[in-house]
Amino acid sequence: MAYSAEISRDNPTCLLFVIDQSGSMDEKMVTSKSKADFVADVLNKTIYTLITSCRRADGVRNYFDIGVIGYGGGGVTAGLRGALSGTIVHPITALDISPLRIEDRTRLDDDGAGGVIERKIKFPVWFDATSSGGTPMCAGLTKAAEAIVAWCNSHPNSYPPTILHVTDGASTDGDPDNIASALRQISTGDGECLVFNIHVSTTQGETIQFPNSDSNLPDSYAKLLFRMSSVLPSHVAKLATDKGYHIAENAHGFMFNADPKDIANFFDIGTRPRLTGDR
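Residues numbered from 1 in each chain as written. Predicted model: local features only at pLDDT ≥ 70, side-chain atom pairs only at ≥ 80, totals over all residues. Heavy atoms only, no water.

Before going further, it helps to spend a moment on the environment of I247. Relative to the assigned elements, I247 resides in the loop between α6 (234–242) and β14 (254–258). It is 33 Å that separates the C-alpha atoms of I247 and L80, two residues lying 167 residues apart in sequence. For I247, the contacting residues outside a window of four places in its chain are F210, L232, A237, A240 and T241. (Helix = DSSP H or I, 4+ residues; strand = E, 2+ residues; numbered from the N terminus. Contact = heavy atoms within 4.5 Å.)

Bringing the packing of helix α1 (residues 35–53) against helix α7 (residues 260–270) into the picture now. Where α1 contacts α7, the two axes come as close as 10 Å, and the packing angle between them is 30 degrees. The orientation of α1 with respect to α7, classified from their angle, is roughly parallel. The two elements α1 and α7 meet at a crossing, and its hand is right-handed. Here F38, V39, V42, L43 and T46 of α1 come into contact with α7, specifically with P260, I263, A264 and F267. Taken together, the residues that form the contact of α1 with α7 break down as eight nonpolar, one polar and no charged. (Axes fitted to C-alpha atoms, helices over the stretch in contact; angles between N-to-C directions. Parallel < 35°, antiparallel > 145°, perpendicular 65-115°, else oblique. Left-handed = near helix turned anticlockwise from the far one by under 90°. Nonpolar A, V, L, I, M, F, W, Y, C, P; charged D, E, K, R; others polar.)

Moving on, we come to the packing of aromatic side chains. Tallying each qualifying case throughout the model produces six aromatic pairs. Ring geometry for F210 versus Y245: centroids 5.3 Å apart, planes at 80 degrees, classification edge-to-face. Placement of F210 in the loop between β13 (208–209) and α5 (220–227) and of Y245 in the loop between α6 and β14 is noted, with a sequence separation of 35 residues between them. Taking the relative accessible area as the measure of exposure, F210 reaches 4% and is therefore buried. On the basis of an interplanar angle of 65 degrees and a centroid distance of 6.4 Å, the ring pair of Y221 and F256 is categorised as edge-to-face. Separated by 35 residues along the polypeptide, Y221 in helix α5 and F256 in strand β14 bring together distant segments of the chain. Judged by its relative accessible area of 15%, Y221 falls in the buried class. The rings of F210, Y245 and F266 are connected pair by pair, giving a single aromatic cluster. For the cation-ring pair, R105 lies above F123, with the distance from its terminal atom to the ring centre recorded as 3.8 Å. (Phe/Tyr/Trp six-rings, centres within 6.5 Å; stacked < 30°, edge-to-face > 60°. Buried < 20%, exposed > 50% of the residue type's maximum accessible area, 1.4 Å probe, protein only. Lys NZ or Arg CZ within 6 Å of the ring centre and 35° of its normal.)

Structure below.
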């Protein structure tokens, strides 16, 4: 049965984030942060959560290989910088010891009496927001395919990679449909790669969450992103259901006009394959 391989140190899985860094990602969201800044914060929190989930008494165990690709006015680049800039995909143990920096931030917590209190926290950063130029989506997804082919060749028995693609606009370097189709067909012995797409927006409009058909999507661009997205495997669909989303049969890993809460939920749902191997 597909998507049932144990995730262990001997057979990790791969999570690859492909992030639109075009100029329009500089637009402000309702949080007052730009789309680029908000997505970067969510991605950094996701990486930290993944590291925490892999931490055991003997240290961080390599259940995940993590990669980040950015595309925008600077072309296609490795999203992880500093000591991690040489290649796209790295074991999570490498991310644990090589954040770009640790920032001091303030978090608002419930004080238990109906108010909030400020807490100082340490916030590790691996990925910096940037936004400029056009949207070379085809080039970004092609680079993702190259990285994923190499990873699958080295991990033929592993749970297949999951690619989370975040974008806010149409491709400016061609039609990405065929590239996304080829990306979804890359596989390990446990199944084909999972490609999930999330469209972020600052405009007013209905948020469409995990549709199972393109019949109610507003335009050809939304329908394209729907076609580019994988059907949710049953265990991922359950995670979405547990977060309160209505998941119909053949629901795709896709959101359109996602708001800040949906963006955070999408990252959480898309990066939680079952840890079933060594503990």
